[in-house]
Amino acid sequence: MAEIVGGFIVSHDPMITGNPEIANKKQVANVDAAFETIVERLKELRVDTVIVVGDDHYTMFGPHCLPQYLIGVGELEGPEENWLRIERYQVENNVPLAEHIMNYGFANGFDWAVAKSLLLDHGTMIPIHKAITPIPGVRTIPIYLAAAVTPIIPMRRAQQLGAMIGDAVNAWDKDERVAVFGCGGISHWVGTAEMGRVNEEFDHMILNHVNNGDIEALIALGDDYVLENGGNGAWEIRNWICAMAAMKKLTGETLCYEPMPTWITGVGFSELKVA
Amino acid sequence: MSMHAVEKAFWTLGKDPEAIEQFKADPDGFLRQFLLTDSERKMIMENDLKSLADQGVNTLLTLMVWPMLNGPEGMPFDYLTHMNGGEPPAMMAAFEQPQG
């Protein structure tokens, strides 16, 4: 019987590997320590597979095809971007479980876009590289939500998708210990005039909702409020909502929060614990 | 509304290194591959990415193509100065502080 044994909110700021030198060294050390904590917790939880929920940045997908939600069921490699200072490599998928989640979705009203091979961008690859790759044998199932390129997936639909993913894992009859990552956030304005602004008050409010396991409070914020107070980059909290919803009942604990204007982001990490 | 075509043009510039050379050699000819309005084509050729962003073009793309059209030197400050209507961006202050 498969089960979700834990989860994490994970920043995927590309500067984490792409340009750490421009940030405050103590903050960079705290971010690295958060990744190390996640690695240790995944080991303690004896996780076999991580479902990584991230989003594309007009890197993998183009104007010709913009999936609302996509699951990678086959070959994986990354990163797409050559400036992340990560040499591209193969990432091991859990194909049987990925196909099961895909089919469970089809049978329950979720018409996935499906990738039989996928070149991952930083939206999932930073968390994979820093927190999963260091643990040999742990496999990855990537899920991409439309969060940075409009039309973005409604937050309610992200929650419904996450709940279905949790149901699908619970319905898998093989022994499997699964964790979920919700990637991205928190406040950041990408490419807009405000780029570099970090709204600490907004970020702490978001993390408080996460730590309370309060998905409804996050959804109730609405996209206009999130855009105004957290920037276009904060729309990525729908990735977090999806991961949280997969866990059903949870409590969270902030592992690290750093406001990092040179990395143009409020960088946050939380552990999601099954309640 | 053809801002979708602007996004297609910018995405093509970002994905195809040869496209940048084609654009630089013959901007108007390159842009006529796409279903752009005269106004949109003019904004691109005049490097007015701020106006395009104001009209809905995704800023991931404006951020991506600026250094391709203007050179990577001065990023991100030149881009952000443009996006702020000529005013230096507030984020410059963060870079002026010691990062030790």
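Presented here is a report on the structure given in the accompanying data block. (Residues numbered from 1 in each chain as written. Chains lettered and ligands numbered in written order. Predicted model: local features only at pLDDT ≥ 70, side-chain atom pairs only at ≥ 80, totals over all residues. Heavy atoms only, no water.)

## Here's the deal with the packing of aromatic side chains
The test is simple: Pairs were defined over the aromatic rings of Phe, Tyr and Trp, the Trp ring being its six-membered one, requiring ring centres within 6.5 Å. Orientation was assigned from the angle between planes: stacked under 30 degrees, edge-to-face over 60, tilted for the rest. Here a helix means four or more residues in a row that DSSP labels H or I, a strand means two or more in a row labelled E, and each is numbered from the N terminus. Exposed residues in this analysis have more than 50% of their type's maximum accessible area, buried residues have under 20%, and partly exposed residues fall in between, with area computed by a 1.4 Å probe over protein chains only.
Counting across every chain of the model gives 10 aromatic pairs over all chains. The interplanar angle of 40° and the centroid separation of 6.4 Å between the aromatic rings of Phe202 of chain A and Tyr225 of chain A together place this pair among those described as tilted. Linking Phe202 of chain A in helix H6 (residues 200-211) with Tyr225 of chain A in helix H8 (residues 223-230), this pair joins segments that are 23 residues apart in sequence. On the basis of relative accessibility, which here comes to 37%, the residue Tyr225 of chain A falls in the partly exposed class. Centre to centre, the rings of Phe77 of chain B and Phe95 of chain B are 5.2 Å apart; their planes meet at 90°, and the pair counts as edge-to-face. Taken together, the residues span a long stretch of sequence, with Phe77 of chain B in helix H7 (residues 77-83) and Phe95 of chain B in helix H8 (residues 92-96) at a distance of 18 residues.

## A look at the nonpolar core
All names here are of chain A. Stated formally: Residues grouped as a nonpolar core are buried Ala, Val, Leu, Ile, Met, Phe, Trp, Tyr and Cys residues, joined through side-chain atoms within 4.5 Å. Contacts are residue-level and defined by heavy atoms, with any inter-residue pair within 4.5 Å sufficient.
If you look at the biggest cluster of nonpolar residues, it comprises 54 residues, and the most contacted ones within it are Ile51, Ile101, Trp112, Leu145, Leu161, Ile165 and Ile206. The greatest single-element share of this core, amounting to eight residues, is contributed by helix H9 (residues 237-246). Ignoring sequence-local partners within four residues, the contact set of Ile101 consists of Ile51, Ile71, Trp112, Ile141, Met164, Ile165, Ala168 and Val169. Listed in part, the 42 residues of the second largest apolar core include Ala23, Phe35, Met125 and Cys256.

## Description of the environment of Ala163 of chain A
All names here are of chain A. By the element assignment, Ala163 lies in helix H5 (residues 155-170). Linking Ala163 and Ile101, residues 62 residues apart in sequence, is a C-alpha distance of 12 Å. With residues up to four places along the chain from it excluded, the contact list for Ala163 reads Ala245, Ala246 and Lys248.

## Concerning the interface of chain B and chain A
To be explicit about the condition: Buried area is calculated as the accessible area (1.4 Å probe) missing from two parts once they are joined, with the contributions of both summed. Any Lys or Arg side-chain nitrogen found within 4 Å of a carboxyl oxygen on Asp or Glu counts as a salt bridge. Polar contact criterion, stated in full: a pair of N or O atoms within 3.5 Å, where within protein one must be able to donate a hydrogen and the other to accept it, and residues adjacent in sequence count only if both atoms are side-chain atoms. Three classes are used, and their members are as follows: Ala, Val, Leu, Ile, Met, Phe, Trp, Tyr, Cys and Pro are nonpolar, Asp, Glu, Lys and Arg are charged, and the others, Gly among them, are polar.
Across the boundary between the two partners, chain B contributes 20 residues, which contact 25 residues of chain A. Counting each side, the surface lost to burial between chain B and chain A is near 1,800 Å², with a carbon and sulfur contribution of 62%. One salt bridge in this structure joins Glu80 of chain A and Lys15 of chain B, with 2.9 Å as the shortest N-O distance. Linking chain B with chain A are 10 residue pairs in polar contact (both at pLDDT 80 or more), by the criterion used here. When residues of the side of chain B that touches chain A are traced back to their parent elements, those giving at least two are helix H1 (3-15), helix H6 (59-70), H7 and H8 of chain B. Ranked by residues supplied to the side of chain B that touches chain A, first place goes to H6 of chain B with five residues. Counted by class, the side of chain B that touches chain A contains 11 nonpolar, six polar and three charged residues.

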